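Structure assessment
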Amino acid sequence: MMKQVRPKKKLGQHFLTDLGVAKAIADTVDACPELPVLEVGPGMGVMTQFLVDKPRPLKVVEIDRESVAWLNEHLPRLRDNIISGDFLRMDLDEVFGGQQFVLTGNYPYDISSQIFFKMLDNKDLIPCCTGMIQREVAQRIAAAPGCKAYGILSVMIQAWYDVEYLFTVDEHVFNPPPKVKSAVIRMRRNGVDDLGCDWTLMRRVVKAVFNQRRKMLRVSLRQIFNAGNMPEPDFFAQEMMTRRPEQLSVQEFVQLTNMVQKAME
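Description of the structure in this document. Bear in mind that the values here come from a model prediction, so they are computed numbers and not experimental data.

This part is about the overall build of the protein. When its secondary structure is counted, the protein shows ten helices and nine strands. Principal-axis analysis of the C-alpha atoms places the extent of the protein at approximately 70 × 40 × 30 Å. The buried share of the protein, reckoned over its 265 residues, is 50%. Contacts spanning at least 24 positions in sequence make up 69% of the contacts within the protein whose residues lie at least 6 apart. Split by element, the accessible area of the protein, about 12900 Å² in all, is 49% carbon and sulfur.

Written out as structure tokens, the structure reads:
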């Protein structure tokens, strides 16, 4: 028998030890039935043991070789479905042969935002994403306009996904305990196929204004333009320009992006 895998600080590993919590997280995928599931960072399979019993294909991706060896020995049913590698570098089209899937996991906290940006880049493949992250990040993703937590992640994810903050998880159910509380969320693709603006430009606009979140849009938006294509003063005199980014809904960011694009022409 292999001994337990030691959590590695450099991989941001905090192994979940509470089986009740692990099962509750695994069950969040049931809201999106029938699709195969990809679990990121299974570690010693605490969630995987519940996912593997569900009547749907399951693959896991794990960067830690020691954990891969442990899973191979302890979860033989999973043997041909363990991908040893880095989720952030994977071509997600290849995981299930171009088929849509549910993404889930007890995500490493230090890369959870990157994981969700990758989800957005592959939103047509991932109609549903669930899992556990740092509570503060979960609050940001689920935040409504006007909240202090509302920011880049809130706008970008809510443009394409409906977000549910499901439950909070205490730090003492992990080894080692993280310094922060965790939370479980579920994101499901909304009905939007076309935002009605240039998505690449919208990402630039959202990042630019939230990087100076205390400033009015008429100040923070200037960095989007260069000296040669600065719009006329009446562009910055519009009512919307007196607002701060956290006051804008996703729909208003779409409007703002179209205003910026027009000013660039």
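Attention now moves to the state of the cysteines. Applying the stated rule across the entire model yields one disulfide. Two residues, Cys32 and Cys128, share a disulfide whose sulfurs are 2.1 Å apart. With the S-S dihedral at roughly 55°, the linkage between Cys32 and Cys128 falls on the right-handed side. Taken as a pair, Cys32 in the loop between helix H1 (19-26) and strand E2 (37-40) and Cys128 in strand E6 (residues 128-134) lie far apart in primary sequence, 96 residues in all.

Attention now moves to the packing of aromatic side chains. In this description, an aromatic ring pair is defined by two values, namely the gap between the centres and the angle between the planes. This model, assessed by the stated rule, comprises eight aromatic pairs. Aromatic pair Phe225 and Phe235: ring centres 5.7 Å apart, planes at 80°, arrangement edge-to-face. Remark: Phe235 occurs in helix H9 (residues 233-236) and Phe225 occurs in the loop between helix H8 (217-220) and H9; sequence separation between them is ten residues. Both residues of the pair, Phe225 and Phe235, count as buried. Plain terms: the ring middles of Phe225 and Phe236 are 6.3 Å apart, the flat faces sit at 85° to each other, and that makes the pair edge-to-face. Here Phe225 is found in the loop between H8 and H9, whereas its partner Phe236 is found in helix H9, with eleven residues between them in sequence. We note that Phe225, like Phe236, is buried. Within the aromatic cluster, the residues linked to one another by ring pairs are Tyr150, Phe210 and Phe253. A cation sits over an aromatic face here: Arg189 above Tyr161, 5.9 Å from the ring centre. The ring of Phe117 carries the charged tip of Lys207 above its face, separated from the ring centre by 5.5 Å.

Procedures and definitions
Positions within a chain are numbered from 1, following the residues in the order the chain's sequence is written. With the structure being a predicted model, the display of local features is reserved for residues of pLDDT at least 70 and the display and counting of side-chain atom pairs for 80 or more, all residues being used for whole-chain, interface and lining totals. Hydrogens and water molecules were not included; the side-chain quantities draw on all heavy atoms of the structure. Only DSSP runs of H or I covering at least 4 residues are called helices, and only runs of E covering at least 2 are called strands; the numbering of each starts at the N terminus. Each residue is assigned to one of three classes by its accessible area relative to the maximum for its type, calculated with a 1.4 Å probe on protein chains only: buried under 20%, partly exposed between the two thresholds, exposed over 50%. In what follows, residue pairs with any heavy atoms lying within 4.5 Å of each other are defined as contacts. Calculation of accessible area relied on Shrake-Rupley with a 1.4 Å probe; when residues are assessed, cover is drawn exclusively from the protein chains displayed. Cysteine sulfurs are considered disulfide-paired once they come within 2.5 Å of each other. Pairing of aromatic side chains here covers Phe, Tyr and the six-membered ring of Trp, requires ring centres within 6.5 Å, and sorts the geometry by plane angle: under 30 degrees stacked, over 60 edge-to-face, intermediate tilted. Only when the NZ atom of a Lys or the CZ atom of an Arg is both within 6 Å of the ring centre and within 35 degrees of the ring normal do we say a charge sits over the ring.

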